[in-house]
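# Coordinate inspection notes
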Amino acid sequence: MSVAKRDLENRKVTTHRLIEMKRRGEKISMLTAYDYSMARIIDEAGMDVILVGDSASNVMAGNVTTLPITLDQMIYHGKSVMKAVKRALVAVDLPFGSYQGNSKEAVASAIRVMKETHADCLKLEGGEEIRDSIVRILSAGIPVMGHLGLTPQSINKFGTYTVRAKEEAEAEKLLSDAHMLEEIGCFGVVLEKIPAALAAQVASELTIPVIGIGAGGGVDGQVLVMHDMLGLTQGFSPRFLRRYADLENIITGAVQAYIEDVKTLDFPNEKEQY
Ligand code: KIV
């Protein structure tokens, strides 16, 4: 690769660059991160977008749903990630309860996240119901990514984590919400767990990037939860999840080897002391 091309690749990823990538047909990679150490590795590996997802509620805090995580906790994760990331675009999820009440509360939450984390943009779940909140946040100059389909903050309304928008009425609402998000100025949208054909239709009709999770290959990019794809979560194996590593076994092996070495006086040896 030429130096000029490498410099271009190493440029900070912006919302505009994602839109350019969609235009060129270059797929967008997106992965979650919640802490400094993992964010540094993921960024240096060349990820386009890092999402400080409210899935931190599940994988970092051990909650069953994303609902309990607070704005302060999301800010803590966002700050940690931002200290590590040099290249990727960083999006922070606004958590449940911080933007649904009214647009004034939404913009106050959004401004706090941007001021305190230095993140590049925000992600919010929902369509028409939260239109006013998104408009107000956008008018404060904060880039917003939408999130439609399976929106985990509404799990108590859905009652299950099964595929969304299989029925015509829900598919039509999703399509109209996606167009609305583009029209009001969102720079992208995540589609979670919906039929691949519907997701591909949304991606072909919108000019902004559509990032899928469980939404097939006809979209502009893919996002996964880091703990799931690295094999750090148990009892969660939806069809869309590809595991790229089995870190649970690797970590267990390393921890057990350390325990063994301590018990048998193998660690520390003479070279490992002062
Ligand atoms: O919180 C999260 O990790 C997410 C992804 C599943 C898109 O919103």
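Since we're looking at a predicted model, the values are computed, not measured. (Residues numbered from 1 in each chain as written. Predicted model: local features only at pLDDT ≥ 70, side-chain atom pairs only at ≥ 80, totals over all residues. Heavy atoms only, no water.)

## Section: the pairing of strand S6 (residues 188–192)
Burial analysis of S6 places five of its five residues in the buried class, the great majority of the element. On S6, burial covers both faces: Gly188, Val190 and Glu192 on one face and Val189 and Leu191 on the other are all buried. Relative to S6, strand S5 (residues 144–149) runs parallel, the two sharing five bridges. Each residue of the ladder has a partner; that of glycine 146, found in S6, is valine 189. Taking the sense of rotation as the criterion, the β-α-β connection linking S6, helix H10 (residues 196–205) and strand S7 (residues 210–213) turns out right-handed. (Buried < 20%, exposed > 50% of the residue type's maximum accessible area, 1.4 Å probe, protein only. Helix = DSSP H or I, 4+ residues; strand = E, 2+ residues; numbered from the N terminus. Pairing = 2+ DSSP bridges. Right-handed = clockwise from strand over helix to strand, strands pointing away.)

## A closer look at helix H6 (residues 103–117)
Spanning 15 residues, H6 covers 21 Å between terminal C-alpha atoms, matching the ideal 21 Å at 1.5 Å per step. Within the sequence span of H6, burial applies to Ser103, Ala106, Val107, Ser109, Ala110, Val113, Met114 and Thr117. The arc enclosing the buried residues of H6, seen along the axis, measures out at 160°, which places them on a common side. For H6, the exposed residues set more than 90 degrees away from the buried face come down to Lys104 and Lys115. Those residues of H6 that are buried lie in contact with helix H5 (71–84), strand S3 (89–93), strand S4 (121–123) and helix H7 (131–139). The N-capping residue of H6, defined by a side-chain oxygen 3.1 Å from the backbone nitrogen of lysine 104, is asparagine 102. Just downstream of H6 lies histidine 118, where phi reads positive at about 70°. (Expected span 1.5 Å × (residues − 1). Arc of directions from axis to C-beta. Contact = heavy atoms within 4.5 Å. Polar contact = N/O pair within 3.5 Å; in protein donor to acceptor, adjacent residues only side chain to side chain.)

## Description of unusual backbone geometry
For the peptide bond that leads from phenylalanine 267 to proline 268, omega is -5°, which places it in the cis range. The residue proline 268 is located in the segment after helix H12 (247–263) in this model. Phi at histidine 118 is positive, roughly 70°, even though this residue is not glycine. Looking at where histidine 118 falls in the secondary structure, it is placed in the loop between H6 and S4. Residue classification places histidine 118 among the exposed positions, given a relative accessible area of 56%. Residue leucine 265 is not a glycine yet carries a positive backbone phi of 65°. By the secondary structure assignment, leucine 265 is in the segment after H12.

## Looking at the site of the ligand
In the region of the ligand, the neighbouring residues are Thr32, Leu51, Gly53, Asp54, Ser55, Asp93, Lys123, His147, Glu192, Ile213, Val223 and Val225. Here an oxygen atom of the ligand and a side-chain polar atom of serine 55 are 2.5 Å apart. Measuring from an oxygen atom of the ligand, one finds a side-chain N or O atom of aspartate 93 at 3.1 Å. Taken by itself the ligand offers 260 Å² of open surface, and the protein chains cover 95% of this. (Near = heavy atom within 4 Å. Areas by Shrake-Rupley, 256 points an atom, 1.4 Å probe, with all protein chains shown as cover.)

## So, the sheet that holds S5
Spatially, eight strands are ordered S1-S2-S3-S4-S5-S6-S7-S8 in a closed barrel, and the strand pairing comes out parallel. Adjacent strand axes in the sheet meet at a mean angle of 25°, parallel and antiparallel pairs treated alike. Bridge count between strand S1 (residues 28–32) and strand S8 (residues 221–224): four bridges; the pairing is parallel. When the bridges of S8 are listed, leucine 31 appears paired with leucine 224. (Axes fitted to C-alpha atoms, helices over the stretch in contact; angles between N-to-C directions.)

## Details of the pattern of salt bridges
A side chain with one charge can pair with a side chain of the opposite charge if their charged atoms come near. Under the counting rule described, the total for this entry stands at 13 salt bridges. Its salt-bridge partner being arginine 112, residue glutamate 116 comes within 2.8 Å of it at the nearest N-O pair. Of this pair, glutamate 116 and arginine 112 are both found in helix H6, four residues apart, which corresponds to roughly one turn of the helix. Here glutamate 116 falls in the partly exposed class, since its relative accessible area comes to 31%. The salt bridge partner of glutamate 170 is arginine 164, with a shortest N-O separation of 3.0 Å. Take glutamate 170: its relative accessible area is 29%, and that puts it in the partly exposed class. (Salt bridge = Lys/Arg side-chain N within 4 Å of Asp/Glu carboxyl O.)

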